[in-house]
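In case you want the letters, here they are:
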Amino acid sequence: MSLFKTAKPFVIAGPCSAETREQVLETAAALSQMNVHLFRAGVWKPRSRPGSFEGNGVEALLWMQEAKKQFGIPVTVEVAEPAHIEAALAHDIDVLWIGARTTVNPFHVQHLADALQGVNIPVMVKNPVNADIGLWEGAIERFEKSGSKDVAAIHRGFSGYNIAAGYRNQPNWPIPIELKRRRPELTIICDPSHITGSRSRVGEVAQKAMDMHFDGLMIETHPRPEEAWSDPAQQVTPAELKQILANLIVREEFTQDMSGLVQLEYLRQLMDSLDAEIIDLLAKRMELSRQMGDVKRACNMTVFQPARWREIVETRGERAQSHLLTKEFIVELYEIIHHESIRNQLEILETSDKKIKK
């Protein structure tokens, strides 16, 4: 059985960085009294710029090993080099995790997977910093092919220039949801600390993850967050973690309530019928788009016409709002539709150009 399937939520907690022996043992002592299943701490810290605290390395592994023996709590660290794996295994680390900056590089991931060939230790893979589900899934597959039998995914959000207010990293929830669709058996853990970057919102995002059927949480916890050597703003105290976990509402995927099941099935049938109508209408819209492409070709017009696109965004947005739909949602939907219309019309023009050249 997977280590990560032993509880829901499977809780991983501990400081961003293993700063001192005293800090590691103090944190582990507090967390061992809670419903925490895995103690985490950064031993090697991949920082964005040189000069920042980059971890205590092998010395910190000794502290993690001591915490494990003294408090009986399994421990996990991030590894980014084959040498890190060798050192972690030599110090009885129970679980390894692969960071977002590492996941983004398939060559690097493969080196780590090769280093784990034949080693049966659970591995957690954070999503890459950029929103690429293929990279994330591919990294997971590399460890599975190396022989790792217990692999989990960690959703820590995605970097970008246009991060929504209140987030350090964009959650982009459809990506972990799609990963779960592709890999329903895969354990997916949410890291609300890195998503929010703010301890005040960790509980809110943790609950959202539970509501979306995530399997666990990784929450950075420090005895005195304001004194932390790295990421002080996003770490919570052990007392705050205890309150967050106590307030969590863990929901079930299924229900035994027969009246609720009957009502759900009725609503799903209505939704299925509407979805069929939506697809039929989209097909008719694309046919109109192709006819417009023929007209544009005959009149030697450009496929993309900015004024018309601005009109669509404005009018459809207003209509959406009149039906209590957000303008952002409908614009995003129409961007996809518009992209497909453009593709169809470009295809018409390109086919015509090839015939002329012949």
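See above for the structure.
The text that follows walks through the structure, step by step, so that each part is easy to find.

What counts, and at which threshold
- Residues numbered from 1 in each chain as written.
- Predicted model: local features only at pLDDT ≥ 70, side-chain atom pairs only at ≥ 80, totals over all residues.
- Heavy atoms only, no water.
- Helix = DSSP H or I, 4+ residues; strand = E, 2+ residues; numbered from the N terminus.
- Buried < 20%, exposed > 50% of the residue type's maximum accessible area, 1.4 Å probe, protein only.
- Contact = heavy atoms within 4.5 Å.
- Areas by Shrake-Rupley, 256 points an atom, 1.4 Å probe, with all protein chains shown as cover.
- Lys, Arg positive; Asp, Glu negative; His and termini not counted.
- Charge placed at Lys NZ, Arg CZ, Asp CG, Glu CD.
- Patch = residues over 30% accessible without salt bridge, like charges linked within 9 Å, V, L, I, M, F, W, Y side chains within 5 Å.
- Salt bridge = Lys/Arg side-chain N within 4 Å of Asp/Glu carboxyl O.
- Arc of directions from axis to C-beta.
- Polar contact = N/O pair within 3.5 Å; in protein donor to acceptor, adjacent residues only side chain to side chain.
- Phe/Tyr/Trp six-rings, centres within 6.5 Å; stacked < 30°, edge-to-face > 60°.
- Lys NZ or Arg CZ within 6 Å of the ring centre and 35° of its normal.
- Expected span 1.5 Å × (residues − 1).

Here's the deal with the overall build of the protein chain
Now for step 1: Scanning the protein chain from N- to C-terminus turns up 13 helices and eight strands.
Now for step 2: Across the 358 residues of the protein chain, 45% fall into the buried class.
Now for step 3: Counting contacts in the protein chain only where the partners sit at least 6 residues apart, residues at least 24 apart contribute 71% of the total.
Now for step 4: If you sum the accessible surface of the protein chain, you get close to 19300 Å²; carbon and sulfur atoms cover 55% of it.
Now for step 5: Taken together, the 42 basic and 48 acidic charged side chains of the protein chain have centroids lying 5 Å from each other.

As for a nonpolar patch on the surface
Now for step 1: A surface patch of nonpolar side chains, about 270 Å² in accessible area, is lined by M258, L261 and L264.
Now for step 2: Mapped onto the fold, L261 is located in helix α11 (residues 258-298).

What to know about helix α5 (residues 106-115)
Now for step 1: Taken residue by residue, α5 has V109, L112 and A113 as its buried positions. Considered in projection along α5, the buried side chains sweep an arc of 100° and stay on one side of the axis.
Now for step 2: Looking at the buried side of α5, the elements it contacts are α3 (82-90), β4 (95-98), α4 (100-103) and α6 (133-145).
Now for step 3: N-cap assignment for α5: the residue whose side-chain oxygen lies 3.0 Å from the backbone N of F107 is N105.

Considering the packing of aromatic side chains
Now for step 1: Applying the stated rule across the entire model yields three aromatic pairs.
Now for step 2: Centre to centre, the rings of F4 and F10 are 5.5 Å apart; their planes meet at 80°, and the pair counts as edge-to-face. For the pair formed by F4 and F10, the shared burial category is buried.
Now for step 3: Note on W173 and F214: the rings are 5.8 Å apart at their centroids and 90° apart in plane angle, and the pair reads as edge-to-face. Residue W173 is located in the loop between β6 (151-155) and α7 (174-182), and its partner F214 is located in the loop between α9 (199-211) and β8 (216-220); the two are separated by 41 residues in the primary sequence. A single burial state applies to W173 and to F214, both of which are buried.
Now for step 4: The side chain of R201 reaches across the aromatic face of Y167, ending 4.6 Å from its centre.

Comments concerning α11
Now for step 1: The end-to-end C-alpha separation of α11 is 60 Å, in line with the 60 Å expected for 41 residues at 1.5 Å each.
Now for step 2: Among the residues making up α11, those that are buried are M286, S289, G293 and K296.

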